[in-house]
Amino acid sequence: MQSGLRRIGGVMTVLAGIAVASWLVFGPPHDWEGTMRWARWALGAASLGIIRGGVHLIFPEKPKGHAQEGEAAEPAPAGPGRSG
């Protein structure tokens, strides 16, 4: 998939997650009581998951040539006045 289309899809996904979260905060689900409170909680958790997924589409993983977390990076070359 091209990076431009991937980022557009990611932005649309993030906006959809924000829309669901805003509806949960300001809309009719605010008055839900009883067992429907669990449904509101599940929708809130799902909206956070939607936003997280969209962010992963916008900012994909690092290329394979870069050092990952936990891996040692190459040491800096010795410069003037540094021993090496």
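The structure presented is a predicted model; accordingly, all values stated were derived computationally and were not measured.

Criteria and thresholds
Residues numbered from 1 in each chain as written. Predicted model: local features only at pLDDT ≥ 70, side-chain atom pairs only at ≥ 80, totals over all residues. Heavy atoms only, no water. Helix = DSSP H or I, 4+ residues; strand = E, 2+ residues; numbered from the N terminus. Buried < 20%, exposed > 50% of the residue type's maximum accessible area, 1.4 Å probe, protein only. Contact = heavy atoms within 4.5 Å. Areas by Shrake-Rupley, 256 points an atom, 1.4 Å probe, with all protein chains shown as cover. Phe/Tyr/Trp six-rings, centres within 6.5 Å; stacked < 30°, edge-to-face > 60°. Patch = residues over 30% accessible without salt bridge, like charges linked within 9 Å, V, L, I, M, F, W, Y side chains within 5 Å. Salt bridge = Lys/Arg side-chain N within 4 Å of Asp/Glu carboxyl O. Expected span 1.5 Å × (residues − 1). Polar contact = N/O pair within 3.5 Å; in protein donor to acceptor, adjacent residues only side chain to side chain.

**Some points on the overall build of the protein**
And step 1. Across its full length, the protein holds two helices and zero strands.
And step 2. Counting across all 84 residues of the protein, residues that qualify as buried make up 11%.
And step 3. The long-range fraction of contacts in the protein, counting pairs at least 24 apart against all pairs at least 6 apart in sequence, stands at 61%.
And step 4. Accessible surface computed for the protein: about 7,100 Å², of which carbon and sulfur atoms make up 63%.

**A closer look at the packing of aromatic side chains**
Aromatic ring pairs are defined here through the distance separating the ring centres and the angle between the ring planes.
And step 1. Summed over the entire model, instances satisfying the criterion amount to one aromatic pair.
And step 2. A ring pair is formed by Trp23 and Trp32, whose centres lie 6.1 Å apart and whose planes are at 80°; its orientation type is edge-to-face.
And step 3. Classification of Trp23 as partly exposed rests on a relative accessible area of 41%.

**Points about a nonpolar patch on the surface**
And step 1. On the surface, Leu5, Ile8 and Met12 cluster together into a nonpolar patch covering about 330 Å² of accessible area.
And step 2. With respect to the helices and strands, the residue Leu5 is situated in helix α1 (residues 3-26).
And step 3. Look at Leu5 and you get exposed, because its relative accessible area is 53%.

**Considering helix α2 (residues 36-58)**
And step 1. In this model α2 runs 33 Å from its N-terminal to its C-terminal C-alpha over 23 residues, within 8% of the 33 Å that 1.5 Å per residue would give.
And step 2. Within the sequence span of α2, burial applies to Ser47, Gly54 and Ile58.
And step 3. Lining the buried residues of α2 we find α1.

**Some words on α1**
And step 1. With 24 residues, α1 ought to run about 34 Å at 1.5 Å a step, and its terminal C-alpha atoms sit 34 Å apart, in line with that.
And step 2. Gly10, Val14, Gly17 and Leu24 are the residues of α1 that are buried.
And step 3. Looking at the buried side of α1, the elements it contacts are α2.

**Observations concerning the side chain of Ser47**
And step 1. Structurally, Ser47 is set in helix α2.
And step 2. At 2.7 Å, the side chain of Ser47 forms a polar contact with the backbone oxygen of Gly44.
And step 3. Aside from chain neighbours lying at most four places away, what touches Ser47 is Gly17, Val20 and Ala21.

**Concerning the environment of Ile50**
And step 1. Along the polypeptide, Ile50 turns up in helix α2.
And step 2. Note on Ile50: relative accessible area 34%, which makes it partly exposed.
And step 3. For the pair Ile50 and Val20, spaced 30 residues apart in sequence, the C-alpha separation works out to 9.5 Å.
And step 4. Discounting residues that sit within four places of it in the chain, Ile50 has contacts with Thr13 and Gly17.

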